[in-house]
Amino acid sequence: QQQVKQSPQSLIVQKGGISIINCAYENTAFDYFPWYQQFPGKGPALLIAIRPDVSEKKEGRFTISFNKSAKQFSLHIMDSQPGDSATYFCAGSGGSNYKLTFGKGTLLTVNP
Amino acid sequence: SQTIHQWPATLVQPVGSPLSLECTVEGTSNPNLYWYRQAAGRGLQLLFYSVGIGQISSEVPQNLSASRPQDRQFILSSKKLLLSDSGFYLCAYGQGKEKLFFGSGTQLSVL
């Protein structure tokens, strides 16, 4: 089974707040976990990624937390801004295939 | 630097008409290439991927086909479009098995 389950489906946060999106994976062969950000009418763009040898990765206001034993990882957006309003996809890959397995996406709305 | 080109940006086609969407990649050789479809407000559905010229893997049996006539060219086709083929089509290329870089997409409306 290669599912990646993502929650919540949608999220509304006030400006300056923390946005948290969670993902869980099943395939223990996964060894790369990226997050993509997609604005309306555009293609997704790689935002940040992590490998399971670390528990956390931070880039600016974006942080991935990774829990290998629970097979879960999450994206935290600190000091959320209206410009962060977008759809976020988590994904996993690894093993012998050439595909990323994506979660179903989270529509984030940051109110001013 | 590597870039991906996808066109057209929007397309309106009648039911039963043919389709050809083209994607080209510059600045890299032997990329893995992908076609995704995204229904309005939905997730990313992988349609086809290719690891080399003439090598196509189909993920979802449907009304579409893909071809890779050149190393950095990926084409999505249909002989007869259905209403259900409407959606946002995204081409992507991959570096190895991991990072995917997406094109700007084609919004297809079948009427």
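Throughout what follows, the structure given in this document is the object of discussion. Just so it is clear, the model here is predicted, and its values are computed rather than measured. (Residues numbered from 1 in each chain as written. Chains lettered and ligands numbered in written order. Predicted model: local features only at pLDDT ≥ 70, side-chain atom pairs only at ≥ 80, totals over all residues. Heavy atoms only, no water.)

### Topic: the nonpolar core
Within soluble globular proteins, side chains that are nonpolar tend to cluster in buried spots. Keep this limit in mind: For the purposes of this section, nonpolar cores are sets of buried Ala, Val, Leu, Ile, Met, Phe, Trp, Tyr and Cys residues that join through side-chain atoms within 4.5 Å. Burial status follows relative accessibility: with a 1.4 Å probe on protein chains alone, a residue under 20% of its type maximum counts as buried, one over 50% as exposed, and anything between as partly exposed. Secondary structure elements follow DSSP: runs of H or I of four or more residues count as helices, runs of E of two or more count as strands, with numbering from the N terminus. Contact definition: two residues touch when any of their heavy atoms are within 4.5 Å.
Counting 23 residues, the largest nonpolar core has Trp35, Phe73, Leu75 and Tyr88 of chain A as the members making the most contacts within it. For this core, the secondary structure elements donating two or more residues are β2 (10-14), β3 (19-25), β4 (30-38), β5 (45-50), β7 (62-67), β8 (72-77), β9 (86-94) and β11 (106-111) of chain A. For Phe73 of chain A, the residues in contact, after removing those within four places along its chain, are Ile21, Asn22, Cys23, Tyr25, Phe33, Trp35, Ile64, Ser65, Phe66, Cys90 and Ala91 of chain A. Among the nonpolar cores identified, the runner-up in size contains 20 residues, and Leu11, Leu19, Leu76 and Val110 of chain B belong to it.

### Let's talk about the state of the cysteines
For clarity, the threshold we go by: Cysteine sulfurs are considered disulfide-paired once they come within 2.5 Å of each other.
Under the defined criterion, the tally for this structure stands at two disulfides over all chains. The disulfide partner of Cys23 of chain A is Cys90 of chain A, and the gap between their sulfur atoms is 1.8 Å. The disulfide joining Cys23 of chain A to Cys90 of chain A has a torsion of about -95 degrees about its S-S bond and is therefore left-handed. Of the two residues, Cys23 of chain A sits in strand β3 while Cys90 of chain A sits in strand β9, which places them 67 residues apart along the sequence. Side by side, Cys23 of chain A and Cys90 of chain A carry an identical accessibility label, which is buried. Two residues share a disulfide in this structure: Cys23 of chain B and Cys91 of chain B, whose sulfurs sit 2.0 Å from each other. Residues Cys23 of chain B and Cys91 of chain B are joined by a disulfide whose S-S torsion is about -75 degrees; by sign, that bridge is left-handed. Linking Cys23 of chain B in strand β3 (residues 19-26) with Cys91 of chain B in strand β9 (residues 87-95), this pair joins segments that are 68 residues apart in sequence.

### A closer look at the packing of aromatic side chains
Here is the rule we go by: Stacked, edge-to-face and tilted are the three classes for Phe, Tyr and Trp ring pairs, Trp counted by its six-membered ring, which pair at centre distances within 6.5 Å; planes under 30 degrees apart are stacked, over 60 edge-to-face, the rest tilted.
Under the defined criterion, the tally for this structure stands at 19 aromatic pairs over all chains. With a centroid separation of 4.8 Å and 45 degrees between ring planes, the pair formed by Phe33 of chain A and Phe66 of chain A is classed as tilted. Taken together, the residues span a long stretch of sequence, with Phe33 of chain A in strand β4 and Phe66 of chain A in strand β7 at a distance of 33 residues. Each member of the pair, Phe33 of chain A together with Phe66 of chain A, is buried. Ring-pair connections join several aromatic residues into one group, and the members of that group are Tyr36, Phe89 and Phe102 of chain A together with Tyr34, Tyr36, Tyr49 and Phe102 of chain B.

### Some details on the sheet that holds strand β1 (residues 3-7) of chain B
All names here are of chain B. Spelled out, the test is: Strand pairing requires that DSSP identify at least two bridges connecting the strands. Only the contacting stretch of a helix is used when fitting its axis, a line to C-alpha atoms as for every element, and angles between N-to-C directions run 0 to 180 degrees.
The sheet built from four strands is open, its strands ordered β1-β3-β8-β7 with antiparallel pairing. Both edges of this open sheet fall to β1 and β7 (65-70), since each of them pairs with a single strand only. The mean angle between the axes of side-by-side strands here comes to 20 degrees, regardless of whether they run parallel or antiparallel.

### So, the side chain of Ser19 of chain A
Residue and element names in this part refer to chain A. Operational definition: Two N or O atoms count as a polar contact when they lie within 3.5 Å, although within protein this holds only if one can serve as hydrogen donor and the other as acceptor, and sequence-adjacent residues are included solely when both atoms are side-chain atoms.
Its location among the elements puts Ser19 in strand β3. A polar contact of 2.8 Å, which involves the side chain of Ser19, links it to the side chain of Ser80. Ser19 has contacts with Leu11, Val13, Leu75, His76, Ile77, Ser80 and Leu108, leaving out every residue within four places of it along the chain.

### A closer look at the sheet that holds β8 of chain A
Residue and element names in this part refer to chain A. Taking strand neighbours across the sheet as the criterion, the five strands line up as β1-β3-β8-β7-β6 in an open arrangement whose pairing is antiparallel. Edge positions in the open sheet fall to β1 (4-7) and β6 (56-59), since each of these has one partner strand only. Strand after strand, the sheet turns through a mean of 15 degrees between neighbouring axes, direction not considered. Bridge count between β7 and β8: six bridges; the pairing is antiparallel. The residue of β8 that forms the bridge with Asn67 is Gln72.

### Observations concerning the pairing of strand β8 (residues 73-78) of chain B
All names here are of chain B. Most of β8 is tucked away: five of the six residues are buried. Direction of pairing for β3 relative to β8: antiparallel, over a ladder of six bridges. Directly across from Cys23, in β8, lies its bridge partner Phe74. Connecting β7 to the next strand, β8, in antiparallel fashion are two residues.

The analysis is restricted to geometry; functional conclusions fall outside its scope.
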